[in-house]
Amino acid sequence: MNLNEFKKKAAWAALNYISPGAIVGIGTGSTVFHFIEALSTIKHLISGVVSSSNASTILLKNKGISNILHLNSFHSLEVYIDSADEINNNMQMIKGGGGALTKEKIIAAVSKKFICIIDETKKVNILGSFPLPIEIIPIASSFIENEIIKLGGKPKIRKNVITEHGNIILDIHNLNISDPIAIEKKISLLPGVVTVGLFALRGADIILMGTKNSVKIIEK
Ligand code: 5RP
């Protein structure tokens, strides 16, 4: 099983969802890397992009996609293309493995359509085998770790990572996420939490899942 090939297939299939003149939201990660490559082949047709991380911005520029726009210039975006660490049957996701969850969540909220491009291993019945990332203000780490333990999770500070916003990331292991919306709300409310990497309130609209033989399209 060549997961990279599956990611690539899903990423290239996302080109079908880009209309001429669109401004495209761009996620972060190895699957999105393939999408940026694909998008570069039609760069003359789009109006611009909004990037979710410095890493993606560098890749976009390297591929000659230079019209990188500031999100505050728009009230809404037509489409956001990103991957996930896990996605369930209700299109709810865990994201943030790459540490870019805060901008990813903002762009997802602004976008009319979230297209999630994945290899087939990302599709799960219940979220939570992948540790749930949360971006937090450093001074709140001890407090938040304690609260997470009360919720039944096992928090671990991600080593040597400072986010683009100067914060740290806690990865929560062993958390019961059978009710993703409730957990998203509960953790979001803790003082010091910047972003929870649960995308349940605003999940994906379409999944493009690369498999051995095809790209499976799953719609809400
Ligand atoms: C980055 C993310 C990514 O979408 C997620 O980690 C999946 O990455 P990859 O495409 O490398 O498997 O949320 O913050």
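Small disclaimer: the values here were computed from a predicted structure and weren't measured. (Residues numbered from 1 in each chain as written. Predicted model: local features only at pLDDT ≥ 70, side-chain atom pairs only at ≥ 80, totals over all residues. Heavy atoms only, no water.)

Peer 1: Got a sec to walk through the site of the ligand? Specific residues and values, please.
Peer 2: With respect to spatial proximity, 17 residues lie near the ligand, and among them Ser30, Thr31, Asp85, Gly96 and Lys122 are the closest. Between an oxygen atom of the ligand and a main-chain N or O atom of Gly96, the distance comes to 2.8 Å. Between an oxygen atom of the ligand and a side-chain N or O atom of Glu104, the distance comes to 3.1 Å. Here the ligand loses 91% of its free accessible area of 380 Å² to cover by the protein chains. Residue composition of the shell around the ligand, by class: two nonpolar, nine polar and six charged. (Near = heavy atom within 4 Å. Polar contact = N/O pair within 3.5 Å; in protein donor to acceptor, adjacent residues only side chain to side chain. Areas by Shrake-Rupley, 256 points an atom, 1.4 Å probe, with all protein chains shown as cover. Nonpolar A, V, L, I, M, F, W, Y, C, P; charged D, E, K, R; others polar.)

Peer 1: An account of the packing of aromatic side chains is needed here, citing residue identities and associated values.
Peer 2: In total, this model carries one aromatic pair according to the counting rule given. Ring geometry for Tyr80 against Phe114: centres 5.0 Å apart, planes inclined by 80°, an arrangement best described as edge-to-face. Of this pair, Tyr80 sits in strand E3 (residues 77-82) while Phe114 sits in strand E6 (residues 111-119), and the two are 34 residues apart along the sequence. A relative accessible area of 0% means that Phe114 is categorised as buried. Over the ring of Phe199 we find Lys105, and its NZ or CZ is 5.3 Å from the ring centre. (Phe/Tyr/Trp six-rings, centres within 6.5 Å; stacked < 30°, edge-to-face > 60°. Helix = DSSP H or I, 4+ residues; strand = E, 2+ residues; numbered from the N terminus. Buried < 20%, exposed > 50% of the residue type's maximum accessible area, 1.4 Å probe, protein only. Lys NZ or Arg CZ within 6 Å of the ring centre and 35° of its normal.)

Peer 1: Give me the lowdown on the domain arrangement of the chain, citing residues and values where you can.
Peer 2: Annotation of the chain at the domain level lists domain 1 (3-125 + 201-219) and domain 2 (132-195). Computed from C-alpha coordinates alone, the two centres of domain 1 and domain 2 are separated by 24 Å. With 16 residues of domain 1 at the contact, the number on the domain 2 side is 16 residues. When the two sides are added together, the surface that domain 1 and domain 2 hide from each other amounts to roughly 1,300 Å², 59% of it contributed by carbon and sulfur. Together, Leu101, Thr102 and Leu201 form the three largest contributors to the area buried by domain 1 at its contact with domain 2, with a combined 42%. Summed over the shared surface of domain 1 and domain 2, the number is two salt bridges. Measuring nitrogen to oxygen at the nearest pair gives 2.7 Å for the salt bridge that ties Glu164 to Lys103. Counting across the domain 1 and domain 2 interface gives eight residue pairs in polar contact (both at pLDDT 80 or more). Counting residues per element, the ones that place at least two in the side of domain 1 that touches domain 2 are helix H3 (54-62) and helix H4 (101-110). (Domains from an automatic or database assignment. Contact = heavy atoms within 4.5 Å. Buried area = accessible area lost by both parts, 1.4 Å probe. Salt bridge = Lys/Arg side-chain N within 4 Å of Asp/Glu carboxyl O.)

Peer 1: Requested: an account of the sheet that holds strand E7 (residues 132-136), with residues and values cited.
Peer 2: Spatial ordering of the open sheet is given by E8-E9-E7-E10, a layout of four strands whose pairing is antiparallel. In the strand order of this sheet, the two ends are held by strand E8 (154-157) and strand E10 (193-196), each with one partner. Sheet twist, expressed as the mean angle between neighbouring strand axes with direction ignored, is 30°. Across four bridges, the pairing between E8 and strand E9 (residues 168-173) is antiparallel. Directly across from Ile157, in E9, lies its bridge partner Leu170. Against the sheet, H4 contacts E7, E9 and E10, and its axis sits at roughly 65° relative to E10. Packed onto the sheet, helix H6 (residues 180-188) meets E7, E9 and E10 and runs at close to 165° relative to E10. (Pairing = 2+ DSSP bridges. Axes fitted to C-alpha atoms, helices over the stretch in contact; angles between N-to-C directions.)

Peer 1: Describe the environment of Leu39, listing the residues and the values that go with them.
Peer 2: When you line up the elements, Leu39 lands in helix H2 (residues 30-40). Separated by 28 residues in sequence, Leu39 and Ala11 place their C-alpha atoms 9.2 Å apart. Residues in contact with Leu39, not counting those within four places in the same chain, are Leu15, Ile18, Ile26, Ile46, Val49 and Ile65.

Peer 1: Go over H6, please, and point to the residues and values.
Peer 2: When H6 is considered as a whole, its buried residues turn out to be Pro180, Ile183, Glu184 and Ile187. Buried residues of H6, viewed axially, fall in a sector of 100°; they line one side. Considering only its buried residues, H6 is in contact with H4, E7, helix H5 (141-150), E9, E10 and strand E11 (198-199). (Arc of directions from axis to C-beta.)

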